[in-house]
Amino acid sequence: MREKNMVERFLEQEKLVLGIYGFYYLTLLINGTSLVNRFGFMSVILKINRLACFAFFIIESLYLLYDFYKERKEKQFSIQDIIFSVLLIALVMASLINYKVTGGYQFVMMVLLAIVLSRYPLKHVASVTAGILLGVGLFIPLLSSFGLIDNYLTFRDADSGVTRFAVGFGYSATVSSIVGFASLYYVYIKKMNLSWKDLMIIEMASLATYFITDTRTYFLVVQLLLVLVVIKKTPFMEWVRPILLWGEKAFVFLFALVPVGTLLVTLCYRLGGIFFRLNDILSRRLSFVYGNIVNNGIHLFGNHMKTYGYDALHYNVSEVFGSNFIDSGYMQLIVERGIIISILMLILISAGLIAFYKREKHHEIFVMFMILMLSCITSGLMSNASLVLVFTLSSLRAFRGKPLLKGVIQKIGSCIVLGCVVIMMVVSTIEYHRMNRNVMIIHPDEYTINLKHSFGMEEYYVKDGMLYCKGWYVLDRHGSTPKTKMTVVLRAKKSNLYYKMDTTLSKRDDVNDYYQKRIQNPQSYKYSGFEASLDVSKMIPDTYMTYIYYETGNLKVLDPVEHNIYL
């Protein structure tokens, strides 16, 4: 064992690294609160601090690479160790390319954090994460309750009228996810040996969060956690244990099928029937994610997209354009990070799970199971609170020098699972290009909204798979800002897919005469009538909202009008 110098010993101090990680994570959580809106300078200060932490973890990662190189001279690594090292380096390189494509460094930071934190006991990393979550989860709502920061209100949907409080955060689900992840990590730290007092405190926090935010997913997660903890306290655990162990083994070796299934179910949304019912059960998650796959596409190294959800911070945009937030960790991985990163992540996570299983680390597998299953319907894996990648690399680090797969059956099974992952990526890419033919891609930051419209839809009907509509729209083609390329556009309410109709403008003397008599400065509206058509034979049944698109100067304008078409 080589002797390390003062700089190396400094960089390996656990308290220093975990302290800087905790500070970075704190700034990340605060950035999602209304503190940033209340105090304009706050976002700049937080960003500077995050970049400083980013620089520190780059130095730490480079030191680990240097240390690995030195260690390699002293030890003989197996082929398996070298393969996983190459995969990890490939993940770092792919994340850097993703940064170049998207302009966001969050995923690069996630990878670097996982590499550095995997050196330390998982219990210590989970303790720091849970402590920061708990502190922010208590402090921010307290500031909000005293009126020191804004308490945003959002609604479950426009029809229900159910009010949801964000209690100082940008969105109501944020505080619920904080309670869910903090509870999960606390249960892990305690190895599921919680006192009745602990159970009562967690249950009260979960109930209070549920009634304030009306967020069901993480509330149900906490209830499941508490039920399992209670079962462990009873003799009934001996009956349940064989079932849990069997389920653990199935999950570990078949995990890669979970993201495959998530993608296939999402793509099947367009088929209707049971998938429409499933979409309603999942609060329209399928339709949102399906629309995002079509709108943003699937690329090798991700896609630059500005996320806007139904939170108070993006209300003005989402009220007109709907939400483009991808509420699925696996789909976020595929759409935002790309095919290459998705494959690398799934291979590493699968290997990490198998390594945990070989060492009988049941509690670590349980934490990963909860987050990875949540990733089907929430951010989960890609959430700021997720430690999946840290757990994965820690597991592989501890298993160095030991064969991960033994026997022909395990190796064949692993090849089948890997094949399914590759097939998933190929199918999704083909399906995206097939679906994308008649869709108008909308990026809200490229458009101007005009709410002062004069529009009339006189009739619409469907015949032989074609939608026909007729009406009038007063479009000023004169003056200093002539308006051109007027087109009728439809937006699917559930999936936020936009369809541009073939639009023909015509002269409507009746509309022209009407406005000549009623406006202060009359002018001739030469093209005030329109007829539009669209092939709807392969469109998804939905409520379609009507927009008028036109261009004026360098501006692209979308004019939402109060008329819905039901298909």
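Keep in mind that this is a model prediction, so the values were computed, not measured.

**Considerations on the overall build of the chain**
Turning to step 1, where the next piece is worked out: Scanning the chain from N- to C-terminus turns up 21 helices and 11 strands.
Turning to step 2, where the next piece is worked out: Across the 567 residues that make up the chain, the buried fraction comes to 50%.
Turning to step 3, where the next piece is worked out: The contacts of the chain with a sequence gap of at least 6 include a subset with a gap of at least 24, amounting to 73%.
Turning to step 4, where the next piece is worked out: With the model as given, the accessible surface of the chain reaches about 27700 Å², and the carbon-plus-sulfur share is 63%.

**A closer look at the pattern of salt bridges**
Side chains that differ in charge, positive against negative, can pair when their charged atoms come close.
Turning to step 1, where the next piece is worked out: In the structure shown here, the tally under the stated rule is 4 salt bridges.
Turning to step 2, where the next piece is worked out: When the shortest N-O distance is used, the salt bridge between Arg 285 and Asp 327 registers 3.3 Å. Note that Arg 285 is positioned in helix 14 (residues 285–296) and Asp 327 in the loop between helix 15 (315–321) and helix 16 (329–337), a separation of 42 residues in sequence.
Turning to step 3, where the next piece is worked out: Classification of Arg 285 by relative accessible area gives buried; the value is 17%.
Turning to step 4, where the next piece is worked out: According to the relative accessible area criterion, Asp 327 is partly exposed, its value standing at 21%.

**With respect to empty space enclosed by the protein**
Turning to step 1, where the next piece is worked out: For the coordinates displayed, the defined rule picks out 1 cavity of 30 Å³ or more.
Turning to step 2, where the next piece is worked out: What the largest cavity holds in volume is close to 30 Å³.
Turning to step 3, where the next piece is worked out: What lines the largest cavity is Ser 176, Val 179, Ser 206, Thr 209, Tyr 210, Thr 215, Tyr 218, Phe 219 and Val 222.
Turning to step 4, where the next piece is worked out: If you list the elements that add at least two residues to the lining of the largest cavity, you get helix 8 (172–189), helix 9 (196–213) and helix 10 (217–232).

**Details of the packing of helix 8 against helix 10**
Turning to step 1, where the next piece is worked out: As a packed pair, helix 8 and helix 10 sit with axes 8 Å apart at the nearest point and diverge in direction by 20°. Here helix 8 is positioned roughly parallel relative to helix 10, judged by the angle of their axes. Relative to helix 10, helix 8 is oriented so that their crossing is left-handed. Across the interface between the two elements, Ser 176, Ser 177, Val 179, Gly 180, Phe 181, Ser 183, Leu 184 and Val 187 of helix 8 pack against Tyr 218, Phe 219, Val 222, Leu 225 and Val 229 of helix 10.
Turning to step 2, where the next piece is worked out: Split by residue class, the contact of helix 8 with helix 10 holds 9 nonpolar, 4 polar and no charged.

**Some remarks on the packing of aromatic side chains**
Within a pair of aromatic rings, the relevant descriptors are the distance that separates the centres and the angle that separates the planes.
Turning to step 1, where the next piece is worked out: As enumerated under the stated definition, the model contains 18 aromatic pairs in all.
Turning to step 2, where the next piece is worked out: Ring geometry for Phe 253 against Tyr 357: centres 5.5 Å apart, planes inclined by 80°, an arrangement best described as edge-to-face. Of this pair, Phe 253 sits in helix 11 (residues 237–254) while Tyr 357 sits in helix 17 (residues 339–358), and the two are 104 residues apart along the sequence.
Turning to step 3, where the next piece is worked out: Its relative accessible area of 22% is what places Phe 253 among the partly exposed residues.
Turning to step 4, where the next piece is worked out: With relative accessibility at 24%, the residue Tyr 357 sits in the partly exposed group.
Turning to step 5, where the next piece is worked out: Here the aromatic residues Phe 251, Phe 255, Tyr 330 and Phe 369 are joined through ring pairs into a cluster of three or more.
Turning to step 6, where the next piece is worked out: Above the face of the Trp 196 ring, Lys 233 is positioned so that its terminal group lies 5.4 Å from the ring centre.
Turning to step 7, where the next piece is worked out: Sitting over the face of the ring of Tyr 549, Lys 500 holds its NZ or CZ atom 5.5 Å from the ring centroid.

**Observations concerning helix 7 (residues 122–145)**
Turning to step 1, where the next piece is worked out: When the terminal C-alpha atoms of helix 7 are compared, their 35 Å separation across 24 residues agrees well with the 34 Å that a helix rising 1.5 Å per residue should span.
Turning to step 2, where the next piece is worked out: Once helix 7 ends, the next one or two residues include Gly 147, with phi positive near 80°.

**Structural notes on unusual backbone geometry**
In terms of backbone geometry, most residues other than glycine have negative phi values and most peptide bonds are trans.
Turning to step 1, where the next piece is worked out: Notably, Asp 214 is not glycine yet its phi reads approximately 55°, a positive angle.
Turning to step 2, where the next piece is worked out: Among the secondary structure elements, Asp 214 is positioned in the loop between helix 9 and helix 10.
Turning to step 3, where the next piece is worked out: By relative accessible area, which is 16% here, Asp 214 ends up buried.
Turning to step 4, where the next piece is worked out: The phi dihedral of Asp 464 falls on the positive side, at around 55°, and the residue is not glycine.
Turning to step 5, where the next piece is worked out: Within the element layout of this structure, Asp 464 appears in the loop between strand 4 (455–463) and strand 5 (466–473).

**Notes on a positive patch on the surface**
Turning to step 1, where the next piece is worked out: Taken together, Lys 123, Lys 190, Lys 191 and Lys 232 make up a surface patch of like positive charges.
Turning to step 2, where the next piece is worked out: By relative accessible area, which is 42% here, Lys 123 ends up partly exposed.

**Topic: the environment of Leu 244**
Turning to step 1, where the next piece is worked out: If you trace the backbone, Leu 244 turns up in helix 11.
Turning to step 2, where the next piece is worked out: For Leu 244, a relative accessible area of 39% translates into the label partly exposed.
Turning to step 3, where the next piece is worked out: Remark: the alpha-carbon pair of Leu 244 and His 362, spanning 118 residues in sequence, is separated by 10.0 Å.

**Observations regarding helix 17**
Turning to step 1, where the next piece is worked out: Helix length check: helix 17, at 20 residues, gives a terminal C-alpha distance of 29 Å against a target of 28 Å (1.5 Å per residue), a fit within 8%.
Turning to step 2, where the next piece is worked out: Of all the 20 residues making up helix 17, 16 are buried; the element is thus mostly covered by neighbouring parts of the structure.
Turning to step 3, where the next piece is worked out: Just downstream of helix 17 lies Glu 360, where phi reads positive at about 60°.

About the cut-offs
Residues numbered from 1 in each chain as written. Predicted model: local features only at pLDDT ≥ 70, side-chain atom pairs only at ≥ 80, totals over all residues. Heavy atoms only, no water. Helix = DSSP H or I, 4+ residues; strand = E, 2+ residues; numbered from the N terminus. Buried < 20%, exposed > 50% of the residue type's maximum accessible area, 1.4 Å probe, protein only. Contact = heavy atoms within 4.5 Å. Areas by Shrake-Rupley, 256 points an atom, 1.4 Å probe, with all protein chains shown as cover. Salt bridge = Lys/Arg side-chain N within 4 Å of Asp/Glu carboxyl O. 1 Å grid on protein atoms, 1.4 Å probe; cavity = no way out; pocket = protein on both sides within 12 Å on 5 of 7 lines; lining within 4 Å. Points joined across faces, edges and corners; volume = space filled by probe spheres on them. Axes fitted to C-alpha atoms, helices over the stretch in contact; angles between N-to-C directions. Parallel < 35°, antiparallel > 145°, perpendicular 65-115°, else oblique. Left-handed = near helix turned anticlockwise from the far one by under 90°. Nonpolar A, V, L, I, M, F, W, Y, C, P; charged D, E, K, R; others polar. Phe/Tyr/Trp six-rings, centres within 6.5 Å; stacked < 30°, edge-to-face > 60°. Lys NZ or Arg CZ within 6 Å of the ring centre and 35° of its normal. Expected span 1.5 Å × (residues − 1). Patch = residues over 30% accessible without salt bridge, like charges linked within 9 Å, V, L, I, M, F, W, Y side chains within 5 Å. Lys, Arg positive; Asp, Glu negative; His and termini not counted. Charge placed at Lys NZ, Arg CZ, Asp CG, Glu CD.

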